[in-house]
Amino acid sequence: MPTKLPTLPNTVRGKDYIETRDWSVKEIELALTTAGDLKKLFRKGKPHRYLPDKTIFLFFFDKSTRTRNSFEAGATQLGAHAHFISAETSQVAHGESPKDMGIILSSYGHAIAIRHDLVPGEGNKYMREVAQYAKVPLFNMQCDIDHPFQTLADLMTIREEFGKNLRGLKIDVSWAYAPSYAKPMSVPQGLITLMTRFGLDVTLAHPPEYTLMKGPMEYAHRMAEQNGTKFQVVDNMEDAFKNADIVYPKSWGIESLFHNPQEALEISKKYKHWICDEEKMKLAKKHAIYMHCLPADRGYEVTDTVIDGAHSRVFPEAENRLHTAKAVMALTM
Ligand code: CP
(Lines give C-alpha, C1' and ligand atoms only; values in the text may rest on other atoms or scores of the structure.)
Protein backbone atom coordinates (compact mmCIF):
# COMPACT_ATOMS: atom_id res chain seq x y z
CA MET A 1 0.00 0.00 0.00
CA PRO A 2 1.49 3.39 -0.93
CA THR A 3 1.80 5.68 2.10
CA LYS A 4 -0.34 8.82 2.09
CA LEU A 5 1.63 11.97 1.32
CA PRO A 6 1.51 14.71 3.98
CA THR A 7 -0.77 17.56 2.89
CA LEU A 8 1.14 20.68 1.83
CA PRO A 9 0.10 24.07 3.26
CA ASN A 10 -1.94 26.16 0.82
CA THR A 11 -0.58 29.56 1.88
CA VAL A 12 1.20 30.21 -1.44
CA ARG A 13 -1.19 28.27 -3.69
CA GLY A 14 -1.65 30.26 -6.92
CA LYS A 15 1.16 32.70 -6.11
CA ASP A 16 3.72 33.87 -8.71
CA TYR A 17 7.43 33.46 -7.94
CA ILE A 18 9.17 36.17 -9.96
CA GLU A 19 11.68 37.65 -7.53
CA THR A 20 12.55 36.35 -4.06
CA ARG A 21 11.56 39.77 -2.72
CA ASP A 22 7.96 38.98 -3.77
CA TRP A 23 7.89 36.23 -1.12
CA SER A 24 8.02 36.92 2.62
CA VAL A 25 10.68 35.29 4.79
CA LYS A 26 7.96 32.94 6.06
CA GLU A 27 7.03 31.92 2.50
CA ILE A 28 10.66 31.32 1.58
CA GLU A 29 11.09 29.26 4.76
CA LEU A 30 8.11 27.15 3.67
CA ALA A 31 9.70 26.60 0.24
CA LEU A 32 12.99 25.55 1.88
CA THR A 33 11.30 23.15 4.30
CA THR A 34 9.26 21.63 1.48
CA ALA A 35 12.39 21.30 -0.69
CA GLY A 36 14.14 19.47 2.17
CA ASP A 37 11.18 17.10 2.58
CA LEU A 38 10.97 16.42 -1.16
CA LYS A 39 14.72 15.79 -1.25
CA LYS A 40 14.36 13.10 1.43
CA LEU A 41 11.51 11.43 -0.46
CA PHE A 42 13.51 11.55 -3.71
CA ARG A 43 16.59 10.07 -2.03
CA LYS A 44 14.51 7.25 -0.53
CA GLY A 45 12.91 6.57 -3.90
CA LYS A 46 9.45 7.24 -2.49
CA PRO A 47 6.81 8.54 -4.91
CA HIS A 48 5.60 12.07 -4.21
CA ARG A 49 3.06 12.88 -6.89
CA TYR A 50 1.67 16.10 -5.54
CA LEU A 51 0.64 17.36 -8.99
CA PRO A 52 -1.04 14.51 -10.86
CA ASP A 53 -2.33 15.41 -14.34
CA LYS A 54 -1.08 19.01 -14.13
CA THR A 55 0.79 20.83 -16.89
CA ILE A 56 3.51 23.46 -16.72
CA PHE A 57 4.83 25.41 -19.72
CA LEU A 58 8.56 26.17 -19.75
CA PHE A 59 9.23 29.07 -22.05
CA PHE A 60 12.88 29.74 -22.91
CA PHE A 61 14.39 32.79 -24.61
CA ASP A 62 17.87 31.49 -23.68
CA LYS A 63 19.81 28.27 -23.30
CA SER A 64 19.77 26.12 -20.18
CA THR A 65 20.99 22.86 -18.70
CA ARG A 66 20.08 22.92 -14.98
CA THR A 67 16.94 25.03 -15.07
CA ARG A 68 15.23 23.21 -17.92
CA ASN A 69 16.10 19.76 -16.64
CA SER A 70 15.33 20.43 -12.98
CA PHE A 71 11.87 21.68 -13.98
CA GLU A 72 11.23 18.86 -16.46
CA ALA A 73 12.47 16.10 -14.17
CA GLY A 74 10.81 17.76 -11.17
CA ALA A 75 7.43 18.02 -12.92
CA THR A 76 7.60 14.34 -13.89
CA GLN A 77 8.47 13.31 -10.34
CA LEU A 78 5.51 15.33 -9.03
CA GLY A 79 3.18 13.56 -11.47
CA ALA A 80 2.88 16.60 -13.77
CA HIS A 81 4.05 17.18 -17.31
CA ALA A 82 6.35 20.01 -18.47
CA HIS A 83 6.17 21.35 -22.03
CA PHE A 84 9.41 22.86 -23.32
CA ILE A 85 8.85 25.86 -25.59
CA SER A 86 11.64 27.72 -27.33
CA ALA A 87 10.90 31.38 -28.03
CA GLU A 88 12.51 30.95 -31.47
CA THR A 89 10.07 28.24 -32.58
CA SER A 90 6.95 29.82 -31.08
CA GLN A 91 4.86 32.69 -32.46
CA VAL A 92 6.67 35.01 -30.05
CA ALA A 93 9.36 35.08 -32.74
CA HIS A 94 6.71 36.70 -34.99
CA GLY A 95 5.81 39.20 -32.27
CA GLU A 96 2.95 37.50 -30.38
CA SER A 97 2.26 39.58 -27.28
CA PRO A 98 2.96 38.65 -23.64
CA LYS A 99 -0.72 39.32 -22.89
CA ASP A 100 -1.94 36.74 -25.46
CA MET A 101 0.70 34.25 -24.26
CA GLY A 102 -0.44 34.60 -20.65
CA ILE A 103 -4.14 34.20 -21.46
CA ILE A 104 -3.73 31.28 -23.84
CA LEU A 105 -1.14 29.18 -22.00
CA SER A 106 -2.97 29.58 -18.71
CA SER A 107 -6.12 28.23 -20.38
CA TYR A 108 -4.17 25.05 -21.27
CA GLY A 109 -2.41 24.27 -18.00
CA HIS A 110 -1.52 25.08 -14.43
CA ALA A 111 1.70 27.19 -14.44
CA ILE A 112 3.92 29.16 -16.81
CA ALA A 113 7.68 29.45 -16.30
CA ILE A 114 9.83 31.83 -18.32
CA ARG A 115 13.57 32.39 -18.86
CA HIS A 116 14.29 35.78 -20.43
CA ASP A 117 17.62 36.95 -19.05
CA LEU A 118 19.90 38.38 -21.69
CA VAL A 119 18.68 41.93 -22.20
CA PRO A 120 18.71 44.32 -19.23
CA GLY A 121 15.35 46.04 -18.91
CA GLU A 122 13.37 43.37 -20.81
CA GLY A 123 13.01 39.97 -19.12
CA ASN A 124 11.44 40.93 -15.80
CA LYS A 125 9.10 43.36 -17.54
CA TYR A 126 8.06 40.67 -20.04
CA MET A 127 7.28 38.05 -17.42
CA ARG A 128 5.39 40.48 -15.20
CA GLU A 129 3.23 41.36 -18.21
CA VAL A 130 2.52 37.66 -18.90
CA ALA A 131 1.73 37.23 -15.18
CA GLN A 132 -0.73 40.11 -15.28
CA TYR A 133 -2.90 38.21 -17.76
CA ALA A 134 -2.21 34.62 -16.71
CA LYS A 135 -4.66 32.90 -14.38
CA VAL A 136 -1.99 30.47 -13.18
CA PRO A 137 1.28 30.98 -11.25
CA LEU A 138 4.16 32.54 -13.18
CA PHE A 139 7.70 31.39 -12.36
CA ASN A 140 10.88 33.27 -13.21
CA MET A 141 13.46 30.79 -14.50
CA GLN A 142 15.94 33.72 -14.73
CA CYS A 143 15.42 37.26 -15.87
CA ASP A 144 17.61 40.35 -16.11
CA ILE A 145 17.01 41.18 -12.42
CA ASP A 146 16.76 37.93 -10.45
CA HIS A 147 17.27 34.16 -10.67
CA PRO A 148 15.03 33.19 -7.75
CA PHE A 149 15.17 29.41 -8.20
CA GLN A 150 18.98 29.54 -8.25
CA THR A 151 19.31 31.63 -5.11
CA LEU A 152 16.72 29.51 -3.29
CA ALA A 153 18.85 26.45 -4.09
CA ASP A 154 21.93 28.41 -2.98
CA LEU A 155 20.34 29.27 0.36
CA MET A 156 19.34 25.63 0.83
CA THR A 157 22.92 24.52 0.09
CA ILE A 158 24.39 27.08 2.51
CA ARG A 159 22.02 25.95 5.27
CA GLU A 160 22.88 22.30 4.65
CA GLU A 161 26.50 23.28 5.27
CA PHE A 162 26.22 25.76 8.13
CA GLY A 163 22.79 25.14 9.71
CA LYS A 164 19.69 27.31 9.78
CA ASN A 165 21.16 30.26 11.69
CA LEU A 166 23.51 32.04 9.29
CA ARG A 167 23.95 35.19 11.37
CA GLY A 168 27.51 36.51 11.29
CA LEU A 169 28.64 34.35 8.38
CA LYS A 170 30.27 36.16 5.48
CA ILE A 171 29.49 35.49 1.81
CA ASP A 172 31.64 36.93 -0.94
CA VAL A 173 29.79 37.59 -4.19
CA SER A 174 32.56 38.39 -6.60
CA TRP A 175 32.86 39.08 -10.31
CA ALA A 176 35.23 36.73 -12.19
CA TYR A 177 36.62 36.76 -15.71
CA ALA A 178 34.95 34.59 -18.38
CA PRO A 179 35.53 34.71 -22.14
CA SER A 180 32.50 32.57 -23.14
CA TYR A 181 29.71 35.18 -23.15
CA ALA A 182 28.31 38.15 -21.23
CA LYS A 183 26.55 36.29 -18.43
CA PRO A 184 23.39 37.80 -16.96
CA MET A 185 23.57 39.99 -13.86
CA SER A 186 20.67 38.22 -12.18
CA VAL A 187 22.62 35.74 -10.04
CA PRO A 188 24.77 38.30 -8.16
CA GLN A 189 21.71 40.56 -7.89
CA GLY A 190 19.63 37.67 -6.60
CA LEU A 191 22.31 36.76 -4.07
CA ILE A 192 22.77 40.24 -2.59
CA THR A 193 19.00 40.75 -2.29
CA LEU A 194 18.24 37.35 -0.71
CA MET A 195 21.24 36.66 1.53
CA THR A 196 21.02 40.04 3.32
CA ARG A 197 17.51 38.93 4.44
CA PHE A 198 18.71 35.61 5.84
CA GLY A 199 21.45 36.62 8.28
CA LEU A 200 24.48 36.65 6.00
CA ASP A 201 26.95 39.53 5.75
CA VAL A 202 27.47 40.13 2.04
CA THR A 203 30.58 41.55 0.38
CA LEU A 204 30.20 42.33 -3.31
CA ALA A 205 33.42 42.67 -5.35
CA HIS A 206 33.74 43.82 -8.95
CA PRO A 207 35.89 45.91 -11.29
CA PRO A 208 34.54 49.45 -11.80
CA GLU A 209 32.69 48.71 -15.06
CA TYR A 210 30.71 45.81 -13.57
CA THR A 211 28.28 47.63 -11.30
CA LEU A 212 24.94 45.91 -10.66
CA MET A 213 21.54 47.46 -11.35
CA LYS A 214 20.42 50.32 -9.11
CA GLY A 215 17.20 48.64 -7.91
CA PRO A 216 18.75 45.43 -6.51
CA MET A 217 21.65 47.42 -4.99
CA GLU A 218 19.30 49.77 -3.14
CA TYR A 219 17.15 46.84 -2.00
CA ALA A 220 20.19 44.94 -0.68
CA HIS A 221 21.34 47.98 1.31
CA ARG A 222 17.82 48.35 2.73
CA MET A 223 17.57 44.65 3.63
CA ALA A 224 20.95 44.76 5.37
CA GLU A 225 19.84 47.74 7.43
CA GLN A 226 16.45 46.19 8.29
CA ASN A 227 17.86 42.78 9.15
CA GLY A 228 21.01 43.77 11.01
CA THR A 229 23.28 42.26 8.37
CA LYS A 230 26.13 43.92 6.45
CA PHE A 231 26.34 44.76 2.78
CA GLN A 232 29.54 46.29 1.45
CA VAL A 233 31.13 46.72 -1.97
CA VAL A 234 34.88 46.39 -2.68
CA ASP A 235 36.91 46.68 -5.87
CA ASN A 236 39.09 43.58 -5.58
CA MET A 237 38.65 39.87 -5.09
CA GLU A 238 41.23 39.57 -2.31
CA ASP A 239 39.39 41.82 0.15
CA ALA A 240 36.16 40.00 -0.54
CA PHE A 241 37.72 36.56 0.00
CA LYS A 242 39.36 37.51 3.31
CA ASN A 243 37.68 35.58 6.15
CA ALA A 244 34.76 34.57 3.95
CA ASP A 245 32.72 31.50 4.92
CA ILE A 246 31.24 31.24 1.44
CA VAL A 247 32.81 32.43 -1.81
CA TYR A 248 30.67 32.80 -4.92
CA PRO A 249 32.89 34.17 -7.71
CA LYS A 250 31.23 34.33 -11.11
CA SER A 251 31.21 36.41 -14.23
CA TRP A 252 28.57 38.87 -15.39
CA GLY A 253 28.29 41.43 -18.15
CA ILE A 254 28.28 45.22 -18.26
CA GLU A 255 24.72 46.58 -18.00
CA SER A 256 25.12 49.10 -20.84
CA LEU A 257 26.95 46.69 -23.19
CA PHE A 258 24.77 43.59 -23.49
CA HIS A 259 23.98 44.72 -27.05
CA ASN A 260 27.71 45.04 -27.84
CA PRO A 261 29.42 41.79 -26.80
CA GLN A 262 32.66 42.55 -28.66
CA GLU A 263 33.31 45.77 -26.72
CA ALA A 264 32.33 44.05 -23.47
CA LEU A 265 34.75 41.20 -24.17
CA GLU A 266 37.60 43.66 -24.81
CA ILE A 267 36.98 45.41 -21.48
CA SER A 268 36.82 42.12 -19.59
CA LYS A 269 40.30 41.13 -20.83
CA LYS A 270 41.80 43.73 -18.45
CA TYR A 271 40.58 41.59 -15.56
CA LYS A 272 41.84 38.10 -16.40
CA HIS A 273 43.44 37.96 -12.95
CA TRP A 274 39.94 37.86 -11.41
CA ILE A 275 40.05 34.08 -11.14
CA CYS A 276 39.22 31.92 -8.14
CA ASP A 277 42.34 29.85 -7.51
CA GLU A 278 43.94 28.11 -4.55
CA GLU A 279 45.84 31.23 -3.50
CA LYS A 280 42.60 33.22 -3.19
CA MET A 281 40.87 30.33 -1.42
CA LYS A 282 43.61 30.53 1.24
CA LEU A 283 42.36 34.04 2.12
CA ALA A 284 38.95 32.64 3.04
CA LYS A 285 38.25 30.71 6.23
CA LYS A 286 39.57 27.14 6.40
CA HIS A 287 36.07 25.73 6.25
CA ALA A 288 34.99 28.08 3.44
CA ILE A 289 32.87 26.65 0.66
CA TYR A 290 33.12 27.52 -3.03
CA MET A 291 29.82 27.99 -4.89
CA HIS A 292 28.88 28.72 -8.49
CA CYS A 293 25.49 28.55 -10.19
CA LEU A 294 27.15 26.93 -13.25
CA PRO A 295 27.99 26.78 -16.07
CA ALA A 296 31.48 27.93 -15.00
CA ASP A 297 34.25 28.87 -17.41
CA ARG A 298 36.85 26.45 -16.06
CA GLY A 299 40.38 27.85 -16.21
CA TYR A 300 39.03 31.42 -16.30
CA GLU A 301 36.42 32.01 -13.58
CA VAL A 302 37.87 29.20 -11.48
CA THR A 303 40.69 26.69 -11.60
CA ASP A 304 39.93 22.96 -11.83
CA THR A 305 41.69 22.46 -8.51
CA VAL A 306 39.16 24.69 -6.75
CA ILE A 307 35.96 23.65 -8.52
CA ASP A 308 36.88 19.96 -8.21
CA GLY A 309 38.48 20.37 -4.78
CA ALA A 310 37.41 19.89 -1.18
CA HIS A 311 35.87 23.38 -0.79
CA SER A 312 33.56 23.04 -3.77
CA ARG A 313 29.82 22.51 -3.32
CA VAL A 314 28.79 23.14 -6.93
CA PHE A 315 27.25 19.72 -7.49
CA PRO A 316 25.07 19.59 -4.33
CA GLU A 317 24.13 23.18 -5.21
CA ALA A 318 23.10 22.11 -8.73
CA GLU A 319 21.17 19.13 -7.31
CA ASN A 320 19.24 21.45 -5.02
CA ARG A 321 17.87 23.18 -8.11
CA LEU A 322 15.69 20.08 -8.55
CA HIS A 323 14.35 20.07 -4.99
CA THR A 324 13.66 23.80 -4.85
CA ALA A 325 11.95 23.84 -8.26
CA LYS A 326 9.75 20.95 -7.11
CA ALA A 327 8.95 22.68 -3.82
CA VAL A 328 7.73 25.87 -5.51
CA MET A 329 5.73 23.92 -8.12
CA ALA A 330 4.15 21.64 -5.49
CA LEU A 331 3.23 24.54 -3.20
CA THR A 332 1.84 26.91 -5.80
CA MET A 333 0.31 24.89 -8.68
N1 CP B 1 22.44 27.84 -13.10
C2 CP B 1 21.60 27.81 -14.16
O3 CP B 1 20.58 28.51 -14.22
O4 CP B 1 21.99 26.92 -15.10
P5 CP B 1 21.37 26.81 -16.56
O6 CP B 1 21.69 28.10 -17.27
O7 CP B 1 22.05 25.63 -17.19
O8 CP B 1 19.90 26.64 -16.45
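Cut-offs used in this document
Residues numbered from 1 in each chain as written. Predicted model: local features only at pLDDT ≥ 70, side-chain atom pairs only at ≥ 80, totals over all residues. Heavy atoms only, no water. Buried < 20%, exposed > 50% of the residue type's maximum accessible area, 1.4 Å probe, protein only. Helix = DSSP H or I, 4+ residues; strand = E, 2+ residues; numbered from the N terminus. Pairing = 2+ DSSP bridges. Right-handed = clockwise from strand over helix to strand, strands pointing away. Core = buried A, V, L, I, M, F, W, Y, C linked by side-chain atoms within 4.5 Å. Domains from an automatic or database assignment. Contact = heavy atoms within 4.5 Å. Buried area = accessible area lost by both parts, 1.4 Å probe. Salt bridge = Lys/Arg side-chain N within 4 Å of Asp/Glu carboxyl O. Axes fitted to C-alpha atoms, helices over the stretch in contact; angles between N-to-C directions.

K.L.:
Please provide a residue-by-residue account of the pairing of strand S4 (residues 138–143), values included.
P.N.:
In terms of residue burial, S4 counts as a mostly covered element, since six of its six residues are buried. Pairing of strand S3 (residues 111–116) with S4, which is carried by four bridges, proceeds in the parallel orientation. Considered in S4, the bridge of Ile 112 is made with Leu 138. On the question of chirality, the crossover connecting S3 to the parallel S4 by way of helix H4 (residues 123–133) is right-handed.

K.L.:
An account of the nonpolar core is requested, with residue identities and associated values reported.
P.N.:
One finds Ile 56, Phe 71, Phe 139, Met 195, Tyr 290 and Met 329 to be the most contacted residues of the largest nonpolar core, which totals 92 residues. When residues of this core are assigned to domains, at least three fall in each of domain 1 (20–147 + 321–332) and domain 2 (150–317). Counting residues in each nonpolar core, the second largest holds 18 residues, with Ile 18, Phe 57, Ile 85 and Met 127 among its members.

K.L.:
Tell me about the domain arrangement of the protein, residues and numbers included.
P.N.:
When its domains are assigned, the protein resolves into domain 1 (20–147 + 321–332) and domain 2 (150–317). Domain 1 puts 27 residues into the contact, and the matching count from domain 2 is 31 residues. In total, domain 1 and domain 2 occlude about 2300 Å² of area from one another, counting both sides; carbon and sulfur atoms represent 60% of this. Linking domain 1 with domain 2 are two salt bridges.

K.L.:
I'd like to hear about the sheet that holds strand S2 (residues 81–86), residue by residue, with values.
P.N.:
One open sheet accounts for four strands, arranged S2-S1-S3-S4; its pairing is parallel. Either end of the sheet is taken by a strand with one partner, and the two such strands are S2 and S4. The sheet shows a mean angle of 15° between the axes of neighbouring strands, taken without regard to direction. Lying on the sheet, helix H2 (residues 66–77) is in contact with strand S1 (55–60), S2, S3 and S4; it crosses S1 at an angle near 170°.

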